[in-house]
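# Working through the structure, step by step
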Amino acid sequence: MDGWLWWIGGALVLAVIEMLTLDLVFIMLAGGAVAGGVTAAAGGPVWLQIVVACVVAVLLLAGLRPWLLANLRRREPLVETNAAAQVGRLAVVLAEVTETGGRVKLAGEVWSARLPDDGVVNSSGRVPVGAEVRVVAIDGATAVVQPAAAPDTTTTDDGGRVV
């Protein structure tokens with residue numbers, strides 16, 4: 001069996017390990033193995049194949065990996081999705097909303113809803129049917145809402161849960 005096949009086989013094994021670890025180290029080593037395979041296919045001696053594989057792997061680890069990691073960490077979602085996308089939207093009350101429960105129509109769907117625990121809504125602490133409310137947080141499968149005219153005084157954590 002030709003030597004270059006061993007290098008390519010090693011590169012494939014390293015690529016599979018990379019898929020399991022996702023740390024961009026093994027894929028750089030796989031790049032070095034591919035370079036060693038190219039050297040072997042060109043007829044280079046074994047010592048040259050090893051040197052080329054090591055040099056290319058080190059260059060990829062030192063040059064390309066830091067740049068890739070910086071770009072991956074810098075990325076932010078362009079569009080909010082799922083429950084996070086509902087925060088800030090307007091909804092219409094279908095069943096009176098209190099601090100313990102209610103129903104609203106939000107983005108064409110019926111959601112269970114409640115007022116914030118510390119929210120000052122009106123003297124009765126209720127939002128009547130047909131009123132417009134704004135979603136200030138999502139707590140599990142419940143929309144935490146305030147009347148649309150009320151300022152947002154609810155504090156949420158990073159997960160969108162009311163604190």
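Residues numbered from 1 in each chain as written. Predicted model: local features only at pLDDT ≥ 70, side-chain atom pairs only at ≥ 80, totals over all residues. Heavy atoms only, no water.

### Some details on unusual backbone geometry
For clarity, the threshold we go by: Helical segments are the DSSP runs of H or I of at least four residues, strand segments are the runs of E of at least two, and each set is numbered from the N terminus. Classification of residues uses two cut-offs on accessible area relative to the type maximum, computed with a 1.4 Å probe and protein chains only: under 20% is buried, over 50% is exposed, and between them is partly exposed.
Phi angles above zero are rare outside glycine, and L22 is one such case at about 55 degrees. Its place among the elements puts L22 in the loop between helix 1 (3–21) and helix 2 (26–41). Unusually for a residue other than glycine, A107 sits at a positive phi of about 55 degrees. Along the polypeptide, A107 turns up in the loop between strand 2 (103–106) and strand 3 (109–114). Using a relative accessible area of 46% as the deciding quantity, one classes A107 as partly exposed.

### Some words on the packing of helix 1 against helix 2
Helices that pack against each other are described as a pair by the angle of their axes relative to one another and the distance between those axes. Here is the rule: Here, axes are lines fitted to C-alpha atoms. For helices the fit covers the stretch in contact, and angles between N-to-C directions go from 0 to 180 degrees. Angles are sorted into four bins: roughly parallel if under 35 degrees, roughly antiparallel if over 145, roughly perpendicular if 65 to 115, and oblique for all others. Here, residues are in contact when the closest pair of their heavy atoms is within 4.5 Å. Here the term charged refers only to Asp, Glu, Lys and Arg, the term nonpolar to Ala, Val, Leu, Ile, Met, Phe, Trp, Tyr, Cys and Pro, and the term polar to all other amino acids, Gly among them.
The N-to-C vectors of helix 1 and helix 2 enclose an angle of 170 degrees; their axes lie 8 Å apart at closest approach. Of the possible angle classes, the one that applies to helix 1 and helix 2 is roughly antiparallel. Here G3, W4, W7, I8, A11, L14, A15, I17, E18 and T21 of helix 1 lie close against helix 2, whose contacting residues are F26, I27, L29, A30, A33, V34, G36, G37, A40 and A41. Looking at the contact of helix 1 with helix 2 residue by residue, the classes come out as 15 nonpolar, four polar and one charged.

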